[in-house]
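Analysis of the macromolecular model
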Amino acid sequence: MNEKLREKLRESLTSVLPVTAIVLLLSVTLVPLEPGTLLLFLMGAVFLILGMGLFQLGAEIAMTPLGQDIGGQLAHIRKRWLLLAVCFLVGTVITISEPDLQVLAEQVASVPNEILIWTVALGVGVFTAVAVLRLALKIRLADLLLVLYLLLFLVSFLAPEDFLAVAFDAGGVTTGPMTVPFIMALGVGLSAARSDRDGASDSFGLVALCSVGPILMVLLLGIFYRPEEAAYDLAELAPVITSRDVLAQFVVALPEYAAEVLQSLLPVIGAFAVFQLLTRRYRPRQLLKRAIGIVYTLLGLILFLTGVNVGFAPVGNLLGQGLAGSPYRWVLLPVGLVLGYYLVKAEPAVRVLNDQVEEITGGTISARMMNRCLSLGVAFAVGLAMLRVLTGLHIYWILLPGYAVALLMSRRVPSIFVGVAFDSGGVASGPMTSTFLLPLAIGACTAVGGNVVTDAFGVVAMVALTPLIAVQLMGLIYSRRARRAVTPGVLSDDLVLEEVVP
């Protein structure tokens, strides 16, 4: 077996095992599950491990280098209108191919799938162009985020209340396993061409801005479309008795997800082909390597999505119903905290972000530091989501103060931490959140008799919010320690970081 593939599989195994152990523990204590159901979940875990390993290897070989190379070439376009038009097109096309967006569209019954998908995709396309324009004009990310989030919350007061949680969830699901490696690498490529002191810190922030676009566009859709309801179809557990029944469920589902992922990858393959025809950048051996990487990405996403949707989502729904329907319903809070801590480690795009942060900062912000910080932030987020399910707390009571704190912190944190923090919010809320935590919240909300649309939706938004604060808090602590280590005098945060980031 390829040594690199073995390493990636080992990493995905260590990420998925804790979640699997927690579910098994709950199944023999608080929420007894049928043997067939447990076997379905365990088979899903195997698919998850294989899928994550292959996807990470594919992203490393093909997606990230391709995004960086395209970004580097785009930086040489002299006509700004042409640069923005190309970036808008790239952002829109990549988003249409995002599997998480397809999942969200299926969940919102009051809006046709095509309308919601195109609304979100156009939002990402517009804000991809905005992000690139920010790089060209050297606008401070914190200033732009402050303006955009103020505008976003002003618009949210005009949108239907039942559409708020769906809109904020849209911002999280669009930055999933397809868009994150490509858009982050695009930012690195564009920033590398600048060769100034702010290039490294400005390489982050594209994912952050691309997360704002879908929220704003879906809120506007809610205002003008006026949906009467936003319903969610509960994940149903297929009848399984024997191990053959379990295997049959996965075999039947594989072609469906294979077609979905292939459709998702076609725009990327098309962009790759056009890029090669126009630039002739890659030699035959490099072309073969990129092609192998795309195949790894394709196989990884097929296995990952099949495992999550067939094995994880239905069990998450059952666990939520069982925990909230028991006399010990408040156990949902600690269970949510523990699940959130470990579940984010299984997000495929999180490892891509962590590795890229470590590379760009020369190890100053290690992948291990980022992993721990994101785990703590997402643990708190899932705890808050479970609290909302049990109490019916309005989402504004969390989002308004949460974003206010995050935006205030961005005024004091070194710029590289601001970009990393707001990028990590979108990255952390990936397919594991939408296909396991959301069904968990749906099942719990159903059991307590709450409003699914207002109380269960929003878990993705919670997961996207808390890393903003957690990573910036890490930045504040780090910059103060660095200031003491570099000189006893008073230095600005940017100068401190310049001393320690090559």
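This report concerns the structure included in the present document.

Rules and cut-offs
- Residues numbered from 1 in each chain as written.
- Predicted model: local features only at pLDDT ≥ 70, side-chain atom pairs only at ≥ 80, totals over all residues.
- Heavy atoms only, no water.
- Helix = DSSP H or I, 4+ residues; strand = E, 2+ residues; numbered from the N terminus.
- Buried < 20%, exposed > 50% of the residue type's maximum accessible area, 1.4 Å probe, protein only.
- Contact = heavy atoms within 4.5 Å.
- Areas by Shrake-Rupley, 256 points an atom, 1.4 Å probe, with all protein chains shown as cover.
- 1 Å grid on protein atoms, 1.4 Å probe; cavity = no way out; pocket = protein on both sides within 12 Å on 5 of 7 lines; lining within 4 Å.
- Points joined across faces, edges and corners; volume = space filled by probe spheres on them.
- Nonpolar A, V, L, I, M, F, W, Y, C, P; charged D, E, K, R; others polar.
- Expected span 1.5 Å × (residues − 1).
- Bend = angle between axes of the 7 residues up to and from the residue.
- Salt bridge = Lys/Arg side-chain N within 4 Å of Asp/Glu carboxyl O.

A count of helical and extended segments in the protein gives 21 helices and 0 strands. Counting only residues that meet the buried cut, the protein has 59% of its 502 residues in that class. A sequence separation of at least 24 residues applies to 86% of the contacts in the protein between residues at least 6 apart. Surface accessibility of the protein: about 19,800 Å² in total, with carbon and sulfur atoms responsible for 65%.

Okay, empty space enclosed by the protein next. All told, the structure shown has 1 cavity of 30 Å³ or more when counted by the stated rule. Of the pockets and cavities examined, the largest cavity occupies roughly 130 Å³. As for the largest cavity, its lining consists of 15 residues, of which Tyr-149, Ser-211, Tyr-403, Gly-426 and Ala-464 are closest to the centre. The set of elements that each furnish at least two residues to the lining of the largest cavity consists of helix H7 (164–173), helix H10 (206–225), helix H17 (415–428) and helix H20 (459–486). In terms of residue class, the lining of the largest cavity is made up of 9 nonpolar, 6 polar and no charged.

A few words now on helix H2 (residues 35–74). Across its 40 residues, H2 extends 54 Å between first and last C-alpha, which sits within 8% of the 58 Å expected from 1.5 Å per residue. Where H2 bends most, at Ala-59, the angle is about 50 degrees. Of all 40 residues that make up H2, 31 are buried, and the element is covered over most of its length.

Let us look at unusual backbone geometry. Positive phi values are uncommon outside glycine, yet Lys-138 reaches one of about 55 degrees. Following the sequence through the fold, Lys-138 ends up in the loop between helix H5 (113–137) and helix H6 (141–156). Its relative accessible area of 55% is what places Lys-138 among the exposed residues. Phi is positive for Arg-280, close to 50 degrees, though the residue is something other than glycine. Along the polypeptide, Arg-280 turns up in the loop between helix H11 (243–279) and helix H12 (284–324).

Using the criterion set out here, one finds 7 salt bridges in the structure. A salt bridge links Arg-140 to Asp-143, with the nearest nitrogen and oxygen atoms 3.7 Å apart. The class for Asp-143 is partly exposed, based on a relative accessible area of 30%. A single salt-bridge network, built from bridges that share partners, covers Lys-4, Glu-7, Lys-8 and Glu-60.

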